[in-house]
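For reference, the chains in residue letters:
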Amino acid sequence: MTELKSRPVPRTIDETLDLLTGADYVADRSLATVLFLSLRMKRPLLLEGEAGVGKTEIAKVLAETLGRRLIRLQCYEGLDVSSAVYEWNYAAQMIEIRMGEAAGKVDRSDMERNVFSEKYLIRRPVLDALTGKAGAAPVFLIDELDRTDEAFEAFLLEILSDFQVTVPELGTIKAEEPPIVIITTNRTREIHDALKRRCLYHWVDYPNAERELEIVRRKVPQANSRLSAEVVSFIQKLRQIELFKVPGVAETIDWAGALTELDKVALDPETVSDTIGVLLKYQDDIARIGEGEGRRILNEVKAELSAAE
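A few points on the structure. (Residues numbered from 1 in each chain as written. Predicted model: local features only at pLDDT ≥ 70, side-chain atom pairs only at ≥ 80, totals over all residues. Heavy atoms only, no water.)

1. Topic: the overall build of the protein
Here is step 1 of the chain: Per the secondary structure count, the protein includes 14 helices and nine strands.
Here is step 2 of the chain: Its C-alpha atoms give the protein a radius of gyration of 24 Å, more than 25% over the compact-globule value 19 Å for 309 residues.
Here is step 3 of the chain: A buried classification covers 46% of the 309 residues belonging to the protein.
Here is step 4 of the chain: The contacts of the protein with a sequence gap of at least 6 include a subset with a gap of at least 24, amounting to 77%.
Here is step 5 of the chain: Here the protein carries 41 positive and 53 negative side-chain charges, and the mean point of each set is 5 Å from the other. (Helix = DSSP H or I, 4+ residues; strand = E, 2+ residues; numbered from the N terminus. Rg over C-alpha atoms; globule rule 2.2 N^0.38 Å. Buried < 20%, exposed > 50% of the residue type's maximum accessible area, 1.4 Å probe, protein only. Contact = heavy atoms within 4.5 Å. Lys, Arg positive; Asp, Glu negative; His and termini not counted. Charge placed at Lys NZ, Arg CZ, Asp CG, Glu CD.)

Given below as structure tokens:
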């Protein structure tokens, strides 16, 4: 594995914005500001927003640009300490015990110290995130926290307050330097105030048309410029109508890429109908667009772009 060469955190908001832009993440100044403060104050950053707006990508960009390890804890219902923090390698411990007995080693205290040592400790993401050295702390992504239950969320309070974990057999393990913590939530439920107080907060919204077009140009540079403009304008209008799940930026990038693979240089009704499954993932939404709504939006897009030329 190639050893990462860590770099210092940005010293100004402008440097933070440049750091994101350099990794093709098109952010507004408000996001760059709160990210800068989170890095300088060493406070966790809680990012809320709809799925597909780029919350998780921020952690990936930070790890890449700062030369830090990215440690990801993907949250889900039923997540517990053994899956998130640590567990013991019971199979290896049993082998050690059997070998000790076979060799005539029966000192129980010595055997207990041997089997409950770092050698047999399996570090899960939370504990792994606390092992960074000064100046090279990892980026710790706690992704989709709202998918866990409140009991696990409460457990995280000690982690985010003191950046330490207590392993009964070993004692307290404390981070030499706190990790860079990014927490994301799609707001399927409210996060408790006690956890929010330990974080800086930012709502990641859908980008405006200008910023979304810049994102497409960076992520799908081979796309025709006219096509990119039509795609962004179409999706911006699509988000204004009532759908079960409106497309995020991730879907915008996917659609532009898919249309480019089809050698399209502009949108037409047939192409929109044939590829709408790249954008919309619920049949009711697809049916609504297919009932004439898609054609109406496309006509508006064509007219507005022609008038602007």
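Additional details are given in the paragraphs that follow.
2. Overview of the nonpolar core
One broad trend across soluble globular proteins is that nonpolar side chains are buried collectively.
Here is step 1 of the chain: Core analysis: the largest hydrophobic core is formed by 46 residues, its most contacted members being Leu62, Phe234, Leu238, Trp255 and Leu267.
Here is step 2 of the chain: Contacts of Leu238, omitting those with residues within four sequence positions, involve Leu243, Val246, Pro247, Leu279, Leu280, Ile289 and Ile297.
Here is step 3 of the chain: If you look at the next biggest cluster of nonpolar residues, it comprises 32 residues, including Cys75, Leu79, Leu160 and Cys199. (Core = buried A, V, L, I, M, F, W, Y, C linked by side-chain atoms within 4.5 Å.)

3. Description of the packing of aromatic side chains
Here is step 1 of the chain: For the structure shown, the criterion picks out four aromatic pairs.
Here is step 2 of the chain: Here Phe234 and Trp255 contribute two aromatic rings whose centre-to-centre distance is 5.4 Å and whose plane-to-plane angle is 55 degrees, an arrangement assigned as tilted. Here Phe234, found in helix α11 (residues 225–238), pairs with Trp255, found in helix α12 (residues 249–261); they are 21 residues apart in sequence, far enough to count as distant.
Here is step 3 of the chain: Owing to a relative accessible area of 0%, Phe234 belongs among the buried residues under this scheme. (Phe/Tyr/Trp six-rings, centres within 6.5 Å; stacked < 30°, edge-to-face > 60°.)

4. A closer look at the sheet that holds strand β2 (residues 70–74)
In sheet architecture, strand pairing relies on hydrogen bonds along the backbone and comes in two forms, parallel and antiparallel.
Here is step 1 of the chain: Read across the sheet, five strands follow the order β2-β5-β8-β1-β9 without closing on themselves; strand pairing throughout is parallel. Each edge of the open sheet is held by one strand with a lone partner, namely β2 and β9 (200–203). Put simply, the sheet's adjacent strands are angled 20 degrees from each other on average, direction ignored.
Here is step 2 of the chain: Here strand β5 (residues 139–143) runs beside strand β8 (residues 180–185); their pairing, made up of four bridges, is parallel. If you follow Phe140 over to β8, its bridge partner there is Val181.
Here is step 3 of the chain: The sheet contacts of helix α3 (residues 55–66) involve β1 (45–48), β2, β5 and β8, and relative to β8 the element is tilted by about 160 degrees. (Pairing = 2+ DSSP bridges. Axes fitted to C-alpha atoms, helices over the stretch in contact; angles between N-to-C directions.)

5. Some thoughts on the packing of α12 against helix α13 (residues 269–279)
Here is step 1 of the chain: At their nearest, the axes of α12 and α13 sit 9 Å apart, and the two run at 140 degrees to each other. One finds that α12 runs oblique with respect to α13. You can see that α12 and α13 cross each other, and the crossing is right-handed. Contact residues: α12 offers Glu251, Asp254, Trp255, Ala258 and Leu259, while α13 offers Thr271, Val272, Thr275, Val278 and Leu279.
Here is step 2 of the chain: Looking at side-chain class alone, the contact of α12 with α13 contains six nonpolar, two polar and two charged residues. (Parallel < 35°, antiparallel > 145°, perpendicular 65-115°, else oblique. Left-handed = near helix turned anticlockwise from the far one by under 90°. Nonpolar A, V, L, I, M, F, W, Y, C, P; charged D, E, K, R; others polar.)

6. Description of helix α5 (residues 90–102)
Here is step 1 of the chain: Compared with an ideal rise of 1.5 Å per residue, which puts 13 residues at 18 Å, α5 spans 18 Å between its outermost C-alpha atoms and is within 8% of the ideal.
Here is step 2 of the chain: Where α5 is concerned, the buried positions are Gln93, Ile97 and Gly100. The buried residues of α5 occupy one face: seen down the axis, they fall within an arc of 65 degrees. Relative to its buried face, α5 has exposed residues pointing more than 90 degrees away, namely Ala91, Ile95, Met99 and Ala102.
Here is step 3 of the chain: Phi turns positive, to about 85 degrees, at Gly104, one or two residues after α5. (Expected span 1.5 Å × (residues − 1). Arc of directions from axis to C-beta.)

7. Focus: unusual backbone geometry
Here is step 1 of the chain: At Lys42, a residue that is not glycine, the phi angle is positive and equals roughly 55 degrees.
Here is step 2 of the chain: Take Lys42: it is sitting in the loop between α2 (29–41) and β1.
Here is step 3 of the chain: Note on Lys42: relative accessible area 48%, which makes it partly exposed.
Here is step 4 of the chain: In this structure, Asp263 is a non-glycine residue whose phi angle is positive, near 60 degrees.
Here is step 5 of the chain: Along the chain, the position of Asp263 falls in the loop between α12 and α13.

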